[in-house]
Amino acid sequence: MGGAAVLPARTAAVVAHAAGDLRIEDMPVAVPRPDEALIEVAFGGICGSDLHYWMHGAAGESVLRAPMILGHEIVGTVIRAAADGSGPGAGTAVAVHPATPGPGAARYPEDRPNLSPGCTYLGSAARYPHTNGAFSRYAALPARMLRPLPAGLELRTAALAEPAAVAWHAVSRAGKVAGKTALVIGSGPIGSLAVAVLKRAGARRIVAVDMHDRPLEIARAVGADEVLKADDAEAIEAVEADVVIESSGNHHGLASAIKGAVRGGTVVMVGLLPTGMQPVPISLAITRELQLRGSFRFNDEIDEVIAALADGSLAVDPVVTHTFPVDQGLEAFGVARNSAESGKVLLDFRPAPE
Ligand SMILES: [Zn+2]
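Here goes a summary of the coordinates provided. Throughout, a residue's number is its position along its own chain's written sequence, starting from 1. Confidence filtering applies because this is a predicted model: local features only for residues at pLDDT of at least 70, side-chain atom pairs given and counted only at 80 or more, and all residues used for totals across whole chains, interfaces and linings. No hydrogens and no water enter the side-chain calculation; it runs on all heavy atoms of the structure.

Turning to the overall build of the chain, a few remarks are in order. What counts as a helix is a DSSP run of H or I of at least four residues, what counts as a strand is a run of E of at least two, and both are numbered from the N terminus. When its secondary structure is counted, the chain shows ten helices and 20 strands. Whereas a compact globule of 354 residues would reach a radius of gyration of roughly 20 Å, the chain reaches 20 Å, a difference of no more than 12%. Counting only C-alpha atoms, the chain reaches 65 × 40 × 40 Å along its principal axes. Throughout, exposure labels follow a simple rule: accessible area from a 1.4 Å probe, protein chains only, divided by the maximum for the residue type, with under 20% read as buried, over 50% as exposed, and the rest as partly exposed. Relative to its full complement of 354 residues, the chain shows a buried share of 50%. Throughout, a residue-residue contact means that at least one pair of heavy atoms, one from each residue, lies within 4.5 Å. In the chain, once contacts between residues fewer than 6 apart in sequence are set aside, the share between residues at least 24 apart is 68%. Accessible surface is estimated by sampling points in the Shrake-Rupley manner with a 1.4 Å probe; for residues, cover comes only from the protein chains shown. Total accessible area computed for the chain in this model is approximately 15,500 Å², and 53% of it derives from carbon and sulfur atoms. Only the C-alpha atoms count toward the radius of gyration. The rule for a globule is 2.2 Å times the residue count to the power 0.38.

In structure tokens form, the structure reads like this:
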């Protein structure tokens, strides 16, 4: 795993230039600042936001104004520890917490830094200059972002730590789920990971919904008791879920989430809707006294996720459907975009075996 003497000068990276313009580029390896470690990246998961930068040149209101390295779902091995002595030493396998809370003065709950204004995230164009991601063979990352992996936790499994933390945070926003009926709208990677988290948390009955068969198979494999097609409105309403996780990110999904909730139930919205007005049957949320709760990224939940992945109590392997070497990154993005056929798609940054 990278002797200290062998430091490369250049590295392959996945760079979004503009809508429809994604390139695998040969770039100089970043020189770490004193508080940064150099990571030999093993795997990187392709996220919805990465796909949006590629397809639309923007993810929500974050618009690309300059080329940006994508990627925030990263695992790898430290090959050079931070010079200031902080963080894990060379040879440590790590996952990455991609957020840097912002210095903004606006008010937010102190214990919820994910809500801090001005928060930056790896591979995000929310600020300018953009925050480069870590889809590259070698990445210089702040040592405070690094989370050492327990012995025995495979890097490939740990590659799901970041999206699983998003799902974990969403489920925790619902409150107690043990013994309850849960409905998950949208069974892409975040939805399927929410199913796995609900299962681990002791939900009594978990119903997963999607438009396509493949994601529903994945949801079943990680713990859904029943699956429904998204157009089966009657069946969705009949679920009468105590807890609904909306992870589709479109208004039809949110409408189903509201209709599928039992009176007095809770709907957690984690799928990011487009900005602007959304037509949803909100009056039902009033007369049924539903609790609608937003869920955005996560905080220290990633530590609980890593522990649960390591002890096997959070079983998520079926969520990964494809792995491509970084040289085939463009093909990987094409597969990831097809949500009818793929779950989580990983890029493999390790050098090909000779
Ligand atoms: Zn992600």
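All right, on to the environment of L309 then. Positionally, L309 belongs in helix α9 (residues 301–310). Residues L309 and L160, spaced 149 residues apart in sequence, show a C-alpha to C-alpha distance of 9.0 Å. Apart from residues no more than four positions distant in its own chain, L309 is found in contact with L153, T157, A158, A161, L314 and V316.

A few words now on the packing of aromatic side chains. Only rings of Phe, Tyr and Trp enter the pairing, Trp through its six-membered ring, and a pair is recorded when the two centres are within 6.5 Å. The plane angle decides the type: under 30 degrees is stacked, over 60 is edge-to-face, the rest tilted. For the coordinates displayed, the defined rule picks out three aromatic pairs. With a centroid separation of 6.5 Å and 90° between ring planes, the pair formed by F135 and F333 is classed as edge-to-face. With F135 in the loop between β10 (120–121) and β11 (138–142) and F333 in helix α10 (residues 329–337), this residue pair connects regions lying 198 residues apart in the sequence. Taken as a pair, F135 and F333 share a single burial class, namely buried. By the ring-pair criterion, three or more aromatic residues cluster together here, those being W54, F135, F333 and F349. By definition here, charges over rings are those cases where NZ of Lys or CZ of Arg is within 6 Å of the ring centre and within 35 degrees of the ring normal. One residue, R65, lies across the ring of Y128, its end atom 4.2 Å from the ring centre.

A separate point is the nonpolar core. We call a set of buried Ala, Val, Leu, Ile, Met, Phe, Trp, Tyr and Cys residues a nonpolar core when their side-chain atoms join them within 4.5 Å. Within the largest apolar cluster, 54 residues are counted, with the highest numbers of intra-cluster contacts made by V195, L198, I245, V305 and L314. Per element, the largest residue contribution to this core is eight residues, and it comes from helix α3 (residues 161–173). Each domain span listed reflects an automatic or database assignment of domains. When residues of this core are assigned to domains, at least three fall in each of domain 1 (2–160 + 316–348) and domain 2 (166–294). When sequence neighbours within four positions are dropped, the list of residues in contact with V195 reads V184, I206, A208, A219, V222, G223 and A224. The next biggest cluster of nonpolar side chains, apart from the first, holds 38 residues, and it includes A12, V41, F324 and L347.

Time to look at α3. If you check α3, its first and last C-alpha atoms are 18 Å apart, about what 13 residues at 1.5 Å a residue would give, namely 18 Å. Summarising burial for α3: eleven of the 13 residues are buried, a large majority. In the stretch just after α3, G175 is the one whose phi turns positive, near 85°. In this scheme, a helix's expected span is set at 1.5 Å multiplied by one less than its residue total.

We now examine the coordination of the zinc ion. Coordination shells were defined by N, O and S atoms within 2.8 Å of each metal, extended to 3.2 Å for Na, K and Ca; water is absent from the atom set, which can make sites look incomplete. At 2.1 to 2.5 Å from the zinc ion lie its protein donor atoms, namely C47 (SG), H72 (NE2) and E73 (OE). Positions of the donor residues of the zinc ion, expressed as sequence spacing, correspond to C-x24-H-E. The class for E73 is buried, based on a relative accessible area of 1%.

From the geometry alone we can't say anything about function, so treat these as descriptive.
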